[in-house]
Amino acid sequence: MPRYNLSKLTPKTRNILFNEFCRAVSKLKTPKEARQFFNDVFSVTEFGMLARRLLAAKMLMEGKTYGEISERLKMGMDTTERVNKN
């Protein structure tokens, strides 16, 4: 599968693209619209990765440790730390 390296974009371009993505998401009004949008934008694998990060954030808010999250979600500690940081 081809990969795209975001570091090839300038920080300004990355920021513009991120803002456009956020604007598009903010216009969604129903869960059905959101589901269709995410099905169009993300592959099944990408959506699964996003869902795991959201679950990690929820677990962090519940007071779970990095170790518990890493073991349950099969997620690296560094990814869990990034979720907690943001």
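The model shown is predicted, which means the values in this text are computed figures rather than measured ones.

Enquirer: Summarise the overall build of the chain; cite the residues concerned and give the values.
Expert: Along its length, the chain carries five helices and zero strands. The helix and strand sequence of the chain, counted from the amino end, reads α-α-α-α-α. Its C-alpha radius of gyration of 15 Å places the chain more than 25% over the 12 Å reference for a compact globule of 86 residues. Seen through its C-alpha atoms, the chain measures out along the principal axes to roughly 35 × 35 × 25 Å. The buried share among the 86 residues of the chain stands at 16%. Long-range pairs, those at least 24 residues apart, make up 13% of the contacts in the chain with a sequence separation of at least 6.

Enquirer: Mind laying out the packing of helix α3 (residues 44-61) against helix α5 (residues 77-85), listing which residues take part and the relevant values?
Expert: Two elements in contact, α3 and α5, have axes separated by 9 Å at closest approach and are oriented at 70°. The orientation of α3 with respect to α5, classified from their angle, is roughly perpendicular. Judged by the sense of rotation from one axis to the other, the crossing of α3 with α5 is right-handed. Note on element contacts: α5 touches α3 through T79, T80, R82, V83 and N84, opposite R53, A56, A57 and L60. The residue inventory of the contact of α3 with α5, partitioned by class, reads four nonpolar, three polar and two charged.

Parameters at a glance
- Residue numbers run consecutively from 1 along every chain, following the written order of its sequence.
- Local features in this predicted model are restricted to residues whose pLDDT is 70 or higher, and side-chain atom pairs enter the listing and the counts only when it is 80 or higher, whereas totals over whole chains, interfaces and linings include all residues.
- Side-chain numbers here rest on the full set of heavy atoms in the structure, without hydrogens or water.
- For helices the rule is a DSSP run of H or I covering at least 4 residues; for strands it is a run of E covering at least 2, with both sets numbered from the N terminus onward.
- The reference for a compact globule is 2.2 Å times residues^0.38; the radius of gyration itself is calculated from the C-alpha atoms.
- Relative accessibility decides the category of a residue: with a 1.4 Å probe and only protein chains considered, values under 20% of the type maximum give buried, values over 50% give exposed, and everything between is partly exposed.
- By the convention used here, residues are in contact when the closest approach between their heavy atoms is within 4.5 Å.
- With axes taken as lines fitted to C-alpha atoms, and helix axes fitted only over the stretch in contact, angles between N-to-C directions fall between 0 and 180 degrees.
- If an angle is under 35 degrees, it is roughly parallel; if it is over 145, roughly antiparallel; if it lies from 65 to 115, roughly perpendicular; otherwise it is oblique.
- Note on convention: near helix rotated counterclockwise from far helix by under a right angle means a left-handed crossing. Clockwise means right-handed.
- Charged residues are taken to be Asp, Glu, Lys and Arg, nonpolar residues to be Ala, Val, Leu, Ile, Met, Phe, Trp, Tyr, Cys and Pro, and polar residues to be all remaining types, Gly included.

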